[in-house]
Structure formats: structure tokens, C-alpha cells
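Spelled out, the chains give:
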Amino acid sequence: MNHKLTLLLAASALALAACNNPTAEQRANEAAAHADAAGDQAAAAARDAGAATEAAASEAAARTEAAAENAAANTEAAAAEAAARTDAAAADVRRGYEEGKAAAADAIASGAQRVQEGAQRVQEEMEQERAEAEETARRQP
């Protein structure tokens, strides 16, 4: 824009100077042609700047959208991984509970077996004691 104003100012100065010169009309026409060319160049530059701005904005929008999609995919993957780890931890807890329950049942069964074996020995000893006592009682007058 400043370039265009400068050219117009220069063209005006040349036109004023040309008024005092016999070829003023020729120079005025040249100045007008230069001013028109400068205006056309300024308009073309403005169009190019607009197109470049639009392209940059489109590129920025595309990159922002891609980044948002990437972030969403990463968030989804992280959530899925967290869910899988939670499920694995829950399975470990369940497995540990079941293993503990099985170990407790084995310990109880083993203890019960020992108690039963001990009771069997006591019963056998008591039967032997009774048999001996009966034998001793029969021998006595």
C-alpha cells in the first residue's frame, strides 16, 4: 500500500513538472501508465497474500485436526491399556484368593485327618486298656 502511494506521489510530481515541459503530456501518460501498473501489482500482491493466508490457515486447521485425532487415539489406547491392567490385577487377586482358599481347605483337611488318626490311636489304646482291665478283673477272686 505504501509502495502504491509512493508511486502515485512520484507520478503526481512528474505530472506537475511535466506541465512546464513541452513533452508534459507524454510524461503524464507514462506516469499514469506506471501508476496503473503499480496498482495492478499491488492488487496482485494482495490477492497472493490472501491466498497464502488462506493456505496457511487451512494447513494449520488440518494439523490441529490431525493432532486432536492423534490425542484422542492415544487417550483411547491409554484407557484400553489401563482397563487391561486393571482386569489383569483383578484376575491376580481372584487367583490369589482361590489359591489361598484351596490352601486353607488342604490345611483343614490335613488337620482333620491328623485329629481322626489321633482319635483312632486313642480309641485303640482305650480298647486295649479295657481289654487288659477286663482280663485283670477276671483273674482276681
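See the structure printed just above.
What comes next is a walk through the structure.

Procedures and definitions
- Residues numbered from 1 in each chain as written.
- Predicted model: local features only at pLDDT ≥ 70, side-chain atom pairs only at ≥ 80, totals over all residues.
- Heavy atoms only, no water.
- Helix = DSSP H or I, 4+ residues; strand = E, 2+ residues; numbered from the N terminus.
- Buried < 20%, exposed > 50% of the residue type's maximum accessible area, 1.4 Å probe, protein only.
- Areas by Shrake-Rupley, 256 points an atom, 1.4 Å probe, with all protein chains shown as cover.
- Salt bridge = Lys/Arg side-chain N within 4 Å of Asp/Glu carboxyl O.
- Patch = residues over 30% accessible without salt bridge, like charges linked within 9 Å, V, L, I, M, F, W, Y side chains within 5 Å.
- Lys, Arg positive; Asp, Glu negative; His and termini not counted.
- Charge placed at Lys NZ, Arg CZ, Asp CG, Glu CD.

Helix and strand counts for the protein chain stand at 2 helices and 0 strands. A burial count over the protein chain gives 6% of its 141 residues as buried. Taken as a whole, the protein chain presents about 11,400 Å² of accessible surface, with 58% of it coming from carbon and sulfur.

The final tally for this structure, using the stated rule, is 7 salt bridges. A salt bridge links Arg139 to Glu135; the nearest nitrogen and oxygen atoms lie 3.4 Å apart. Here the residue Arg139 and the residue Glu135 both occupy positions in helix H2 (residues 24-139), the gap between them amounting to 4 residues, near one helical turn. Since its relative accessible area comes to 63%, Arg139 is described here as exposed. We classify Glu135 as partly exposed; its relative accessible area is 32%. Each of the salt bridges in this network shares a partner with another, and the network as a whole consists of Glu135, Arg138 and Arg139.

On to a negative patch on the surface. A cluster of acidic side chains, namely Glu124, Glu125, Glu127, Glu129 and Glu132, defines a negative patch on the protein surface. With respect to the helices and strands, the residue Glu124 is situated in helix H2. Residue class for Glu124 comes out partly exposed when judged on its relative accessible area of 44%.

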